[in-house]
Each structure stands twice: as C-alpha cells, then as structure tokens.
Amino acid sequence: MPLIICPGIHDVALSDRFLTALNQQLTTLGSTLHIAEDQVFPRDRDAPFNGLAVWSFLQTAAKSNEPLLLIGFSAGVVGAIAAAQLWQGQGRTVAALIAVDGWGVPQVGDFPLHRVSHDYFTHWSSAVLGAGADSFYADPPVDHLDLWQFPDRAPGFRVQSSNRRAPLTESMTAIAFIAAKICQYEGAITTDH
C-alpha cells in the first residue's frame, strides 16, 4: 500500500525528524515498514496545500491499483484531502487519511479520516467539521510545530469515536497513534489500535 506524506509550510528538518520518529515507532511495533524520503511530497516544488500538485505527485509516487494512505500536516492536510478526492474520482481507493493538526479543514471524502491535534480545543473544534474515525489529541498541549517534529514527545489520548455519547480514551503518544494506524491499514502487524 502506498503511503504518502504531505508536510506543511515549515523547515524540511521538521519532516526529517517526523520520519525518524515514525520509523523508530514502526520498528518498536514490530513492523518491517520503512517510510522513505521519496514518499514525502516535495514542498520545494509546490505548495503543500495545492491539491492538484499533490495529486500529480501521487501519479508517480503511488501505484494506482493499491489503496492509498495519506498523512497530512497543517497546510498539507488541505492538499492531501483534495488529492485523495481526485484519486477516488479516478476510481481508485483511499484506505485512510491521517490529518495532523489540520484545524479548520473539513472532512470531505468517502474514506476514514483520523485527526491528530496538538491540544483538546483543536480536537473538539475540528470535530465540528467532521469528527472522522479514531483520533488523538495531545494532553498537555504541545506547540503546533512540535507535534510534527517531536510526535514521540507528545503524550495524549486516543479517542475511539465509535460511541459518540461516551467515547473511549486511551493514553499514548502521537507517534504511537499514527504508527498504529499505519500498521492497521497496511496490515503489517495485528493491532487493536
């Protein structure tokens, strides 16, 4: 399954740190998956919120016959959602989208969306635009950019939204949540996350 990462508008070093933390967590989970730099949308070529540019990148970076998994951060969530819709419009499958601090971005599309937020306010206020599937919020709150570059240092809660009246919560870090979701959709390991 192709996995594509759409970073935001920030220093590339932050995404490098995110990849390091993600690959370490995948290894910790017992996965053989390794996310490489060529799976990251090159924001130096175009803006990450440009859905057409992200979709164009997908044409060469992903196989069209496999379900696609996207991770977007900040402005990159806009590009990732737009590209996912275009991908589906071609009759292709989007397994899921993980929106990391995509505050104010509505959930649009017929695929699971998992929100990862830097604080509880962002978590619940984003849910107004579509709560999506299981989500995560940092508690105590962390800085917006720190959530991306240090997701392994962002403790918080996974919220299982299957029961809207009394959602279940579980303590973990942001990177543990993200890696568990990747493994779930990749089928790389058996997990209840």
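Okay, so let's go over this structure. In this text, all values refer to a predicted model and were calculated from it rather than measured experimentally.

## Description of the sheet that holds strand E3 (residues 94–100)
One open sheet holds the seven strands; their spatial order is E1-E2-E3-E4-E5-E6-E7, and the pairing between them is mixed. This sheet does not close on itself; its edge strands, each paired only once, are strand E1 (3–6) and strand E7 (168–173). When the angles between neighbouring strand axes are averaged without regard to direction, this sheet yields 20°.

## A few points about the pattern of salt bridges
For the structure on display, the rule yields four salt bridges. For the salt bridge of Arg-17 with Asp-152, the shortest nitrogen-to-oxygen distance reads 3.0 Å. With a gap of 135 residues between them, Arg-17 in helix H1 (residues 12–28) and Asp-152 in the loop between helix H5 (144–149) and strand E6 (155–160) connect regions that are remote in the sequence. Looking at Asp-152, the relative accessible area reads 30%, which means it is partly exposed. We note a salt bridge from Lys-181 to Asp-134, for which the minimum N-O separation is 3.4 Å. With a gap of 47 residues between them, Lys-181 in helix H6 (residues 174–186) and Asp-134 in the loop between helix H4 (120–127) and strand E5 (135–138) connect regions that are remote in the sequence. Here Lys-181 falls in the buried class, since its relative accessible area comes to 2%. Residue classification places Asp-134 among the buried residues on the basis of a relative accessible area of 14%. Within the structure, one salt-bridge network assembled from shared partners comprises Asp-134, Arg-158, Glu-170 and Lys-181.

## A word on the side chain of His-114
As for its position among the elements, His-114 is in strand E4 (residues 113–117). Setting aside residues up to four positions removed in sequence, His-114 forms contacts with Ala-96, Leu-97, Ile-98, Ala-99, Ala-133, Asp-134, Phe-177, Lys-181 and Tyr-185.

## So, the nonpolar core
Residues Ile-5, Leu-22, Ile-71, Val-100, Val-116, Ile-178 and Ile-182 are the most contacted members of the largest nonpolar core, which totals 34 residues. The set of elements that each furnish at least two residues to this core consists of E1, H1, strand E2 (68–73), E3, E5, H5 and H6. The element that contributes the greatest number of residues to this core is H6, accounting for nine residues. Look past the residues within four positions of Val-116 in its chain and what remains in contact with it is Ile-98, Ala-99, Val-100, Asp-101, Phe-136, Leu-147, Ala-174, Phe-177 and Ile-178. Formed by 22 residues, the second largest nonpolar core is a distinct cluster that contains Ile-4, Leu-58, Ala-80 and Ala-84.

## As for the environment of Ser-171
Its place among the elements puts Ser-171 in strand E7. When the C-alpha atoms of Ser-171 and Gly-51 are compared, they prove to be 33 Å apart, with 120 residues separating the residues in sequence. Setting aside chain neighbours within four positions, we find Ser-171 in contact with Gly-156 and Phe-157.

## Brief notes about the environment of Leu-86
Following the sequence through the fold, Leu-86 ends up in helix H3 (residues 75–89). Exposure remark for Leu-86: the relative accessible area of 33% places this residue in the partly exposed category. Placed 15 residues apart in sequence, Leu-86 and Ile-71 show a C-alpha to C-alpha distance of 16 Å. If sequence neighbours within four positions are ignored, Leu-86 has contacts with Gly-51, Leu-52 and Trp-55.

## Quick look at the pairing of E5
Burial along E5 is two-sided: the face carrying Ser-135 and Tyr-137 and the face carrying Phe-136 and Ala-138 are both buried. As paired strands, E4 and E5 are joined by two bridges and run parallel to one another. Along E5, the bridge assignment pairs Ser-117 with Tyr-137.

## Quick notes on the packing of H1 against H6
Closest axis-to-axis distance for the H1/H6 pair is 9 Å, and the angle between their directions is 65°. Every pair of crossing elements has a handedness; the one defined by H1 and H6 is right-handed. When H1 is examined against H6, the residues Phe-18, Ala-21, Leu-22, Gln-25 and Leu-26 are found in contact with a partner set consisting of Ile-175, Ala-176, Ile-178, Ala-179, Ile-182 and Cys-183. Within the contact of H1 with H6, the residues separate by chemical class into ten nonpolar, one polar and no charged.

Criteria and thresholds
Residues numbered from 1 in each chain as written. Predicted model: local features only at pLDDT ≥ 70, side-chain atom pairs only at ≥ 80, totals over all residues. Heavy atoms only, no water. Pairing = 2+ DSSP bridges. Helix = DSSP H or I, 4+ residues; strand = E, 2+ residues; numbered from the N terminus. Axes fitted to C-alpha atoms, helices over the stretch in contact; angles between N-to-C directions. Salt bridge = Lys/Arg side-chain N within 4 Å of Asp/Glu carboxyl O. Buried < 20%, exposed > 50% of the residue type's maximum accessible area, 1.4 Å probe, protein only. Contact = heavy atoms within 4.5 Å. Core = buried A, V, L, I, M, F, W, Y, C linked by side-chain atoms within 4.5 Å. Left-handed = near helix turned anticlockwise from the far one by under 90°. Nonpolar A, V, L, I, M, F, W, Y, C, P; charged D, E, K, R; others polar.

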